[in-house]
Amino acid sequence: MPPLPPAPIPILTAPTASGKTALALDLARQSAAAGLPVEIVAADAFTVYRGLDIGTAKPSAAERAAVPHHLLDVADVTDDYSVADYTRAAERAIADILARGARPLVVGGTGFYLTALTRGLPLTPPADVAARTLVEAELEARGLDALLADIAAENPAEAARMERNPRRVVRALEIRRRTGKYPGEFGHAPPAFAYRVVAFSPEDAELTARVAERTRAMLAGGWPEEAQWLAGQVDPLREPRPTAWQALGYREALAVARGDLDPEDAATRIALATRQYTRRQLTWTRRQLGAEVRTPGAAQAQLRALLSER
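Source: prediction; values computed, not measured.

Asker: For this particular structure, what's the right way to read the overall build of the chain?
Answerer: For the chain, the helix and strand inventory stands at 13 helices and six strands. What you see for the chain is a C-alpha radius of gyration of 20 Å, in line with the 19 Å of a compact globule of 310 residues. With the C-alpha coordinates aligned to their principal axes, the bounding extent of the chain is approximately 60 × 50 × 35 Å. Buried positions account for 47% of the 310 residues belonging to the chain. For the chain, the exposed surface amounts to about 14700 Å²; the carbon and sulfur share of it is 53%.

Asker: Which parts of the structure should I look at to understand the environment of Thr21?
Answerer: Mapped onto the elements, Thr21 comes out in helix H1 (residues 20-33). For Thr21, a relative accessible area of 29% translates into the label partly exposed. Discounting residues that sit within four places of it in the chain, Thr21 has contacts with Pro59 and Glu63.

Asker: What should I look at first to understand helix H5 (residues 129-142) in this one?
Answerer: An α-helix turns once every 3.6 residues. As a result, residues three or four positions apart point the same way. Compared with the 20 Å implied by 1.5 Å per residue over 14 residues, the 20 Å span of H5 between its first and last C-alpha is a close match. Among all positions in H5, only Ala131, Val135, Glu138 and Leu139 are buried. Relative to the axis of H5, the buried residues are bounded by an arc of 105 degrees and lie together on one face. Along H5, the residues that are exposed and aim more than 90 degrees away from the buried face are Val129, Ala130, Glu140 and Ala141. On the buried face of H5, the contacting elements are helix H6 (144-154) and helix H8 (166-179). Phi turns positive, to about 95 degrees, at Gly143, one or two residues after H5.

Asker: Before we go on, may I ask you to explain the sheet that holds strand S2 (residues 38-42) in this structure?
Answerer: Either a parallel or an antiparallel arrangement is found when strands of a sheet pair, and the pairing is made through backbone hydrogen bonds. Reading across from one edge, S3-S2-S4-S1-S5-S6 is the order of the six strands in this open sheet, with parallel pairing throughout. Single-partner strands in this sheet number two, and they are strand S3 (69-70) and strand S6 (293-294).

Asker: How do you make sense of the packing of aromatic side chains when you look at a structure like this?
Answerer: Counted according to the given criterion, the structure contains four aromatic pairs. Chaining the aromatic ring pairs together yields one cluster made of Trp223, Trp245 and Tyr250. The cationic tip of Arg176 hangs over the ring face of Tyr182; the distance from NZ or CZ to the ring centre is 5.7 Å. Stacked on the ring of Phe186, the Lys or Arg Lys181 has its end atom at 4.3 Å from the ring centre.

Asker: When you look at the pattern of salt bridges in this model, what are you seeing that I'm missing?
Answerer: Any two side chains of opposite charge can pair, so long as their charged atoms come close to each other. Using the criterion set out here, one finds 17 salt bridges in the structure. Where Asp145 meets Arg164, a salt bridge forms, and the shortest distance between an N and an O atom there is 2.8 Å. Remark: Arg164 occurs in the loop between helix H7 (156-161) and H8 and Asp145 occurs in helix H6; sequence separation between them is 19 residues. In this structure Asp145 comes out as exposed when scored by relative accessible area, which is 51%. Salt bridges linked by common partners bring Asp53, Lys58, Arg64 and Asp73 together as one network.

Asker: Looking at this structure, I do not really get unusual backbone geometry. What am I missing?
Answerer: Glycine aside, residues mostly have negative phi angles, and peptide bonds mostly take the trans form. For Ala17, which is not glycine, the phi dihedral falls at a positive 75 degrees. With respect to the element layout, Ala17 can be found in the loop between strand S1 (9-13) and H1. With a phi close to 55 degrees, Asp73 is a non-glycine residue in the positive phi region. Tracing the backbone shows Asp73 in the loop between S3 and helix H3 (83-99). Since its relative accessible area comes to 23%, Asp73 is described here as partly exposed.

Asker: Looking at this model, I keep getting lost on the nonpolar core. Mind explaining?
Answerer: Across soluble globular proteins, nonpolar side chains show a tendency to be buried alongside one another. Membership of the largest hydrophobic core comes to 51 residues, with the highest contact counts inside it found for Val41, Tyr49, Tyr81, Tyr86, Val106, Leu230 and Tyr250. For this core, the elements supplying multiple residues, two or more each, are S1, H3, helix H4 (111-119), strand S5 (195-200), helix H9 (204-220), helix H10 (223-233), helix H11 (250-257) and helix H12 (263-287). In this structure, Val41 is in contact with His70, Leu71, Tyr86, Ala90, Ala93, Ile94, Ile97, Leu105, Val106 and Val107, ignoring residues within four places of it in sequence. Listed in part, the 18 residues of the second largest apolar core include Leu12, Val38, Val67 and Phe200.

Asker: Teacher, can you tell me more about H1 here?
Answerer: Along its 14 residues, H1 runs 20 Å from first to last C-alpha, staying within 8% of the 20 Å computed at 1.5 Å per residue. Taken together, the buried positions of H1 are occupied by Lys20, Leu23, Ala24, Leu25, Leu27, Ala28 and Ser31. Phi turns positive, to about 95 degrees, at Gly35, one or two residues after H1.

Asker: Sorry, what's going on with the pairing of S1 here?
Answerer: Each regular strand carries side chains that alternate between the two faces of the sheet. The buried count for S1 comes to five of five residues, which makes it a mostly enclosed element. With burial as the criterion, each face of S1 is covered, one bearing Ile9, Ile11 and Thr13 and the other bearing Pro10 and Leu12. Bridge analysis of S1 against S5 gives five bridges, and the strand direction is parallel. By the bridge assignment for S5, Ile11 is matched with Val197. Pairing of S1 with strand S4 (residues 103-107) involves two bridges; the strand directions are parallel. Residue Leu12 lies in a different strand from S4, and its bridge partner there is Val107.

Definitions and cut-offs
- Residues numbered from 1 in each chain as written.
- Predicted model: local features only at pLDDT ≥ 70, side-chain atom pairs only at ≥ 80, totals over all residues.
- Heavy atoms only, no water.
- Helix = DSSP H or I, 4+ residues; strand = E, 2+ residues; numbered from the N terminus.
- Rg over C-alpha atoms; globule rule 2.2 N^0.38 Å.
- Buried < 20%, exposed > 50% of the residue type's maximum accessible area, 1.4 Å probe, protein only.
- Areas by Shrake-Rupley, 256 points an atom, 1.4 Å probe, with all protein chains shown as cover.
- Contact = heavy atoms within 4.5 Å.
- Expected span 1.5 Å × (residues − 1).
- Arc of directions from axis to C-beta.
- Pairing = 2+ DSSP bridges.
- Phe/Tyr/Trp six-rings, centres within 6.5 Å; stacked < 30°, edge-to-face > 60°.
- Lys NZ or Arg CZ within 6 Å of the ring centre and 35° of its normal.
- Salt bridge = Lys/Arg side-chain N within 4 Å of Asp/Glu carboxyl O.
- Core = buried A, V, L, I, M, F, W, Y, C linked by side-chain atoms within 4.5 Å.

Structure follows, in structure tokens:
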């Protein structure tokens, strides 16, 4: 009889500030106590960067000592760390964890990362620096809205997929002008593993309160100084906007550090932008990942069962 295929790799996803880290750590500790060690593979586009700790709510040193974590602090803020970079590194980490007899648990809320893991990497051609430079110059001259309108006129779904991210817009137009197709039209390579997505979210009012509380705590806990450090590493005014500066709240935190914005005003602005982002995360989870969004308790029970599978 052929060996049974490995159990699907569980993915835990939820909107920003929902309590993913705490829930994942609790499950990992319970699983370890039952004799099955769990290691966490982060799926966050900004915790990959060294030095972005407070504004990304990166797991603390104590939390990382309690449960092994992977894909944190793997890039410098001057790097453009791509979805392909992440996917290949995450698949290596998952294979290593399985080889040690432990259970991987993917935890994060970056939709592009999770989609690349579950569907496989897009079969888009490699970047062309000369073509990209031309599109970047056009972005600076015409602006993001004009370039997005060009994409929407030909492919509205592709324009929506950009999520107003300048880097993605540049990449999409670079590929379109070289090949006649947009990135989403190239298909995907087979994923390296099978996955089971478990998604949760607190009630709307609770999530709003959690976002506001966490934002104020981060601003009081050194976020402005962290943003000031980042500005010393990467110019926040460069176009297209450097990847590290696309993280929510860093521009407002920098304004606080420079005395250009009151901390309370910054907290209000960041919390509003974060809540808008959490709604997009939930939409992505349902439409792109095909996952049901459960209550935290139901998600915990489902994950406990998945982690016990061998």
